[in-house]
Amino acid sequence: MAKGILVVTGPTATGKTALGVRLAKALDGEVISADAMQLYRGMVIGTAAPTPEETEGVPHHLVGTVDPRESYSVGRYVLEASACADDILARGRLPILVGGTNLYIEALLRGTGFAAGDGDLRKALEAEYDALGGENMLEKLRAADPERAAKLHPNDRKRIVRALEIFRLTGKTISAFDEESRAAAPRYAACTVALSFRDRAQLYDRINARVDRMFAQGLAEEVRALLALGVTEKDTAMQAIGYKETAAALRGECTLAEAAEQIKLASRRYAKRQLSWLRGKEDVHWFLWEKETNYQEASLFSTRILEISGII
RNA sequence: GGCGCCAUAGCCAAGAGGUAAGGCAGAGGUCUGCAAAACCUUUAUCCCCGGUCCGAUUCCGGGUGGCGCCU
């Protein structure tokens, strides 16, 4: 009986999905997706979401469960994913968290509670930021939460606004919330395996090839269908790499070939950011693909460290 | 063969007689309710040779390479 969670993360296009399925079968587990975009319904080609064939019968949670016109949040993810994890654990199986959205993974594992947001207040603060400028807003934040203000750059509109929003809404600073949740014991015991390639060029080749495959599989049609549904540029779902660029091409702003190049570029940069998030975290166990390695080895490696961690 | 123009980082590109903007790509990083997002940091001694000058990458001459035009 499992006493914790196995996490499979790493940059895009490193085989997380396939390894997740393999591990679930080997370890009597179920997969919980940790992907901020696979969550949306109707976005399977561009997010490389697991298809029914790919899941090979392994239950996958939180894939395609959200309307793409809706906007999601980390807070909601923590709620939904922890409900899934608790249920899987209660049934005596192993929850396997698979995905590259590391913010979601960390928040879930830590059990971070998020102060509820307020759309109107946020809009007002954003307007204020645009009118007054970053320096002035940061100054305002400094008055309320000097600690947080010291860490933010004046151009970081998103975070300055959120910090101010939390303070006005709750009367408590984001630093205080931060401290509380960091002090608390993690919600789940977890063992993290991160997949990547020993050679960066190899990772980039995989990404580029995958983008070409997505177009061959009908990415343009998928995007067209979303637009027909009424999904707009403003929706979070349309911020997904592959979708925003394709939508621009469909609008005639560029050719599909140019969109494909943009998507490759954006994906490579995304992978780089994922790498930099993970790099340096001590509790991450890296499995680096090389020419000779295969899924069986990755699977054995993961199982091994899972045993060592005492989770199974 | 003649004339003209150009030669600056991986690419595009600005520029001054005193030691070279910017953009893109690349690399590194931050991350507590949009995170496949947002934000930050970072990269040259200016084609070669000679000359003028206190000092040239910037001026002059030659070479080489590219582009255009002419016979």
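Counting restarts for each chain, with residues numbered from 1 along the sequence as it is written. Think of it this way: whatever chain is written first is A, whatever ligand is written first is 1, and the rest follow in order. With the structure being a predicted model, the display of local features is reserved for residues of pLDDT at least 70 and the display and counting of side-chain atom pairs for 80 or more, all residues being used for whole-chain, interface and lining totals.

**Q** How would you summarise the overall build of chain A if you had to cite specific residues and measurements?
**A** Put simply, DSSP marks the helices as runs of H or I at least four residues long and the strands as runs of E at least two long, and each gets a number from the N terminus on. Across its full length, chain A carries 14 helices and six strands. As a reference, a globule follows 2.2 Å times the number of residues to the power 0.38, and the radius of gyration itself is taken over C-alpha atoms. Against the 2.2 N^0.38 benchmark of 20 Å for 312 residues, chain A shows a C-alpha radius of gyration of 20 Å, consistent with a compact globule. Whether a residue is buried, exposed or partly exposed is read from the other C-beta atoms within 10 Å of its own C-beta, which are placed from the backbone; 20 or more gives buried, 12 or fewer gives exposed, and intermediate counts give partly exposed. The burial tally for chain A puts 38% of its 312 residues in the buried class. In chain A, the proportion of contacts linking residues at least 24 apart, taken out of those at least 6 apart, comes to 76%. Here contacts are defined at the residue level, using C-beta atoms placed from the backbone and a cut-off of 7 Å between them.

**Q** Outline the protein's contact with RNA strand B, supporting the account with residue identities and numerical values.
**A** Each residue receives a C-beta atom built from its backbone; the residue is near a molecule or strand if that atom lies within 6 Å of it. Residues in close proximity to RNA strand B total 48 residues, the closest being Ala36, Thr47, Gly75, Phe114 and Trp277. Elements that contribute at least two residues to the surface near RNA strand B include exactly α3 (74-90), α8 (157-170), α9 (174-183) and α13 (256-278). Sort the elements by how many residues they give to the surface near RNA strand B and α13 lands first, with nine residues. Throughout, the ten residues Ala, Val, Leu, Ile, Met, Phe, Trp, Tyr, Cys and Pro are labelled nonpolar, Asp, Glu, Lys and Arg are labelled charged, and all others, Gly among them, are labelled polar. Tallied by class, residues from the surface near RNA strand B come to 16 nonpolar, 17 polar and 15 charged.

**Q** Provide a residue-level description of the sheet that holds strand β6 (residues 284-289), including the pertinent values.
**A** Note: two strands are recorded as paired if DSSP finds a minimum of 2 bridges between them. One open sheet accounts for six strands, arranged β3-β2-β4-β1-β5-β6; its pairing is parallel. Strands with a single pairing partner mark the edges of an open sheet, and in this sheet they are β3 (60-61) and β6. Across three bridges, strand β1 (residues 5-9) lies against strand β4 (residues 94-98) in parallel orientation. Paired with Val7 across the bridge in β4 is Leu97. The axes used here are C-alpha line fits, helices contributing only the stretch in contact, and every angle between their N-to-C directions lies in the interval 0 to 180 degrees. Together, β1, β2 (29-33), β4 and β5 (190-197) form the strand contacts of helix α1 (residues 16-27), whose direction differs from that of β4 by roughly 175°.

**Q** Tell me about helix α12 (residues 243-250), and please be specific about residues and values.
**A** Residues of α12 that are buried: Tyr243, Glu245, Thr246 and Ala247. Where α12 is buried, its residues meet α11 (219-229) and α13.

**Q** Break down the domain arrangement of chain A for me, with residues and values.
**A** Here chain A is described as being made up of domain 1 (5-111 + 186-309) and domain 2 (119-183). A C-alpha centroid distance of 30 Å is found between domain 1 and domain 2. Each domain's limits were defined by an automated method or a database of domain assignments.

**Q** Run through the environment of Arg91, naming residues and quoting values.
**A** Secondary-structure assignment places Arg91 in the loop between α3 and β4. Sequence separation between Arg91 and Ala2 is 89 residues; the distance between their C-alpha atoms is 9.6 Å.

**Q** Any details on the packing of α1 against helix α14 (residues 295-309)? Residues and values, ideally.
**A** Direction vectors running N to C along α1 and α14 enclose 60°, while the axes themselves pass 10 Å from each other. Taken together, the axes of α1 and α14 are oblique relative to one another. For the pair α1 and α14, the sense of crossing is right-handed. Residues Ala18, Leu19, Arg22, Leu23, Ala26 and Leu27 of α1 lie in contact with α14, whose contacting residues are Tyr295, Ala298, Ser299, Ser302 and Thr303. For the contact of α1 with α14, a count of residues per class yields seven nonpolar, three polar and one charged. Should an angle lie under 35 degrees it is considered roughly parallel, over 145 roughly antiparallel, and from 65 to 115 roughly perpendicular; all remaining angles are considered oblique. In this scheme, a crossing is called left-handed if the near helix is turned counterclockwise away from the far one by less than a right angle; it is called right-handed if the turn is clockwise.

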